[in-house]
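Listed below, chain by chain, are the residues.
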Amino acid sequence: MADESQPNGTDVVDKMTVEVAEMALDAKEAAQPNVAETAKQGDKELNGAAAKPVSSAAFKEQFKAFSKFGDTKSDGKHLTLSQSDKWMKQAKVIDKKITTTDTGIHFKKLKSMKLTLEDYNKFLEDLAKTKKVELDEIKNKMANCGAPGVHNATPGKAAETVARLTDTSKYTGSHKQRFDETGKGKGIAGRKDLVDQSGYVSGYGHKNTYDKTH
């Protein structure tokens, strides 16, 4: 009679197969990157936060420039809410998601009319956290929005418009009489009919030619 307490060959093989399969599965999971972490990293790169680090020096210079914007007496070390909103509007940070109401609420949390660079960074951190926006994304836009008052204008179109309006060859009527054939303005002669006081009859074709012929 066979000893039933001893495992048969089939049971041993099945147990080894399961162990090998489990080891292979563990190795595969260890080698596979975390899907959630990968997706998060991809979002950061898409927003430009990971791909383009914020330049602290550039952000500091912008802070200084906007702190003097509209205030000639500013020392460049403090920023008001009004100056901050102008900066954020120019950088297109203030939009449908972040409004001037949001900036006003978070700015006043610091309990000061003017913020230092250190406090301003706290203001941005709090704002970004509340509105669920990447802080680096906000600061990158603000560091690279150009000098105060400079917007993305289209100088090409403006130049074309000015050129068209100042082309005297296209003027008609009384406006045309204000310029000579070279486009130079005639001054008062182009705006008024001046009386000829030379003594010659109006329209006389041989004016000032007597001395040359006698």
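Use the structure listed above.
As a starting point, this report considers the structure included with it. Since we're looking at a predicted model, the values are computed, not measured. (Residues numbered from 1 in each chain as written. Predicted model: local features only at pLDDT ≥ 70, side-chain atom pairs only at ≥ 80, totals over all residues. Heavy atoms only, no water.)

Quick look at the overall build of the protein chain
- A tally of helices and strands in the protein chain yields 10 helices and two strands.
- Along the protein chain, from the amino end to the carboxyl end, the secondary structure elements read α-α-α-β-α-α-β-α-α-α-α-α.
- Per-residue burial for the protein chain yields a buried fraction of 18% across its 214 residues.
- A sequence separation of at least 24 residues applies to 54% of the contacts in the protein chain between residues at least 6 apart. (Helix = DSSP H or I, 4+ residues; strand = E, 2+ residues; numbered from the N terminus. Buried < 20%, exposed > 50% of the residue type's maximum accessible area, 1.4 Å probe, protein only. Contact = heavy atoms within 4.5 Å.)

Notes on the side chain of D85
- Within the element layout of this structure, D85 appears in helix 4 (residues 81-90).
- Despite its burial, D85 pairs with no opposite charge, the nearest such side chain being K89 at 5.9 Å.
- The residues touching D85, leaving out its near neighbours within four places in the chain, are I94, T100 and T103. (Lys, Arg positive; Asp, Glu negative; His and termini not counted. Salt bridge = Lys/Arg side-chain N within 4 Å of Asp/Glu carboxyl O.)

Re the packing of helix 6 (residues 117-131) against helix 7 (residues 135-143)
- The interhelical angle for the contact between helix 6 and helix 7, taken along N-to-C directions, is 130°, at an axis separation of 9 Å. Taken together, the axes of helix 6 and helix 7 lie oblique to each other. Of the two possible hands of crossing, helix 6 and helix 7 adopt the one that is right-handed. Taken together, the residues of helix 7 that come into contact with helix 6 (itself represented by Y120, N121, L124, E125 and A128) are L135, I138, K139 and M142.
- Partitioned by chemical class, the residues of the contact of helix 6 with helix 7 number six nonpolar, one polar and two charged. (Axes fitted to C-alpha atoms, helices over the stretch in contact; angles between N-to-C directions. Parallel < 35°, antiparallel > 145°, perpendicular 65-115°, else oblique. Left-handed = near helix turned anticlockwise from the far one by under 90°. Nonpolar A, V, L, I, M, F, W, Y, C, P; charged D, E, K, R; others polar.)

Quick notes on helix 4
- Turning to helix 4, its buried residues are Q83, S84, D85, W87, M88 and Q90.
- Tucked into the core, helix 4 has its buried residues touching helix 3 (56-67), strand 1 (79-80), helix 5 (100-108), helix 6 and helix 7.
- Looking one or two residues beyond helix 4, the residue adopting positive phi is K92, at roughly 60°.

A few points about the packing of helix 4 against helix 5
- Two elements in contact, helix 4 and helix 5, have axes separated by 11 Å at closest approach and are oriented at 140°. Classified by the angle their axes make, helix 4 and helix 5 are oblique. Note on packing geometry: the crossing formed by helix 4 with helix 5 is right-handed. Between helix 4 and helix 5, the contacting residues are L81, S84, D85, M88 and K89 on the first element and T100, T103, G104 and F107 on the second.
- Counted by class, the contact of helix 4 with helix 5 contains three nonpolar, four polar and two charged residues.

Things to note about the nonpolar core
- Counting residues in each nonpolar core, the largest one holds 22 residues, and the members touching the most others are W87, M88, Y120, F123, L124, I138 and M142.
- The set of elements that each furnish at least two residues to this core consists of helix 3, helix 4, helix 6 and helix 7.
- The element contributing the most residues to this core is helix 6, with five residues.
- Excluding its chain neighbours within four sequence positions, the residues that come into contact with M88 are V93, I94, T103, Y120, F123, L124, L127 and M142. (Core = buried A, V, L, I, M, F, W, Y, C linked by side-chain atoms within 4.5 Å.)

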